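# Residue-level structural notes
Next come the chains, spelled out residue by residue.
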Amino acid sequence: TMPHGLLWLGLTLLGALQTQAQDSTPNLIPAPPLSKVPLQPNFQDDQFQGKWYVVGLAGNAFSKEDKDFKMYTTNYELKEDRSYNVTSTLLRNQRCDYFVRTFVQTSQPGQFSLGNIKAYPPLQSYTVRVVDTDYNQFATVFFKKVSQNKEYFKITLYGRTKELPPELKENFIRFVKSLGLSDDNIVFPVPIDKCIDDQ
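Summary of the structure given here. (Residues numbered from 1 in each chain as written. Predicted model: local features only at pLDDT ≥ 70, side-chain atom pairs only at ≥ 80, totals over all residues. Heavy atoms only, no water.)

## Quick notes on the overall build of the protein
The condition is simple: Numbering of helices and strands starts at the N terminus; helices are DSSP runs of H or I of at least 4 residues and strands are runs of E of at least 2. Only protein chains enter the accessibility calculation, which uses a 1.4 Å probe; a residue whose area is less than 20% of its type maximum is buried, one above 50% is exposed, and one in between is partly exposed. Contacts: residue pairs with any heavy atoms within 4.5 Å of one another. In these tables, accessible area is a Shrake-Rupley quantity obtained with a 1.4 Å probe, and a residue counts as shielded only by the protein chains included in the view.
On a plain count of helices and strands, the protein comes out with 4 helices and 9 strands. What you see in the protein, going N to C, is helices and strands ordered as α-α-α-β-β-β-β-β-β-β-β-α-β. Expressed as a percentage of the 199 residues in the protein, the buried residues total 51%. In the protein, 59% of the contacts between residues at least 6 apart in sequence involve partners at least 24 apart. Here the protein has roughly 9,300 Å² of accessible surface; of this, 50% comes from carbon and sulfur atoms.

Structure representation (structure tokens):
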């Protein structure tokens, strides 16, 4: 079967891979309530824009078997209505794949929902929350989605560069564990050049 991490990506980005996945993740660690997930104060949507490398990934559908997971990028482009055009670029089967979706601002700055969610059956809800960021080096972002009544959540550590200082990775690991995940749910994607340096 497909590694869970790729599956998450598939579910998140395509919203379509629904069948084989469900059986392979029977006992998901429950998603924390949003009240347990910090929100970046005074979120500056214009400064958050631009390209981020996915330096760390954790979630209740990830496991150590995803250790060969390749680094990908996510680019946030602010539109006039203050929503983001979000493009992820990843290398798959030796070619570059692009996934585009819209993150719509909620009444809480720094929290978003997925635009046009009806286009992604069987997705029932999708929440994105910027936990913390300094805008020019790193960001920690929490994602939660409900699909076929199962709650999936993941946390990404974004970097403006492919390498981040060890203390940022340690903070990330600590935060992930505070949400009930373990070392087995954490993946640090392998840096690559192809595709993700082209934009």
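On we go from here.
## A word on the nonpolar core
Threshold: Each nonpolar core is a collection of buried residues, namely Ala, Val, Leu, Ile, Met, Phe, Trp, Tyr and Cys, held together in the definition by side-chain atoms within 4.5 Å.
Residues Phe48, Tyr76, Tyr84, Phe103, Val141, Phe143 and Tyr158 are the most contacted members of the largest nonpolar core, which totals 28 residues. Contributions of two or more residues to this core are made by strand 1 (50–59), strand 2 (73–78), strand 3 (84–92), strand 4 (95–105), strand 5 (111–114), strand 6 (123–133) and strand 7 (138–147). Sort the elements by how many residues they give to this core and strand 6 lands first, with 4 residues. Among the nonpolar cores identified, the runner-up in size contains 24 residues, and Ala58, Phe142, Ile155 and Ile186 belong to it.

## Focus on the packing of aromatic side chains
Rule in force here: For Phe, Tyr and Trp, rings pair up if their centres lie within 6.5 Å, where Trp contributes its six-membered ring, and each pair is then called stacked (planes under 30 degrees apart), edge-to-face (over 60) or tilted (otherwise). For a ring to carry a charge above it, either NZ of a lysine or CZ of an arginine must fall within 6 Å of the ring centroid while also lying within 35 degrees of the normal to the ring plane.
Using the criterion set out here, one finds 18 aromatic pairs in the structure. Geometrically, the ring pair formed by tyrosine 84 and phenylalanine 112 is tilted, given 5.3 Å between the ring centres and 55° between the ring planes. One end of the pair, tyrosine 84, is in strand 3; the other, phenylalanine 112, is in strand 5, and 28 residues separate them in sequence. Both residues of the pair, tyrosine 84 and phenylalanine 112, count as buried. Aromatic ring contacts, followed pair by pair, group Phe43, Phe48, Trp52, Tyr76, Tyr84, Phe103, Phe112, Tyr126, Tyr135, Phe143 and Tyr158 into a single cluster. For arginine 160, the ring lying beneath its charged end belongs to tryptophan 52, and the centroid distance is 3.6 Å.

## Focus: the pattern of salt bridges
Note the cut-off: The term salt bridge refers to a pairing of a side-chain nitrogen on Lys or Arg with a carboxyl oxygen on Asp or Glu at a separation within 4 Å.
For the coordinates displayed, the defined rule picks out 7 salt bridges. A salt bridge links aspartate 97 to arginine 95; its shortest N-O distance comes to 3.4 Å. For lysine 162, the salt bridge is made with aspartate 193, and the minimal N-O distance between the two is 2.8 Å. Residue lysine 162 is found in the loop between strand 8 (150–159) and helix 4 (166–178), and its partner aspartate 193 is found in the segment after strand 9 (186–187); the two are separated by 31 residues along the sequence. Owing to a relative accessible area of 17%, lysine 162 belongs among the buried residues under this scheme. Linked through salt bridges whose partners overlap, the residues forming this network are Arg92, Arg95 and Asp97.

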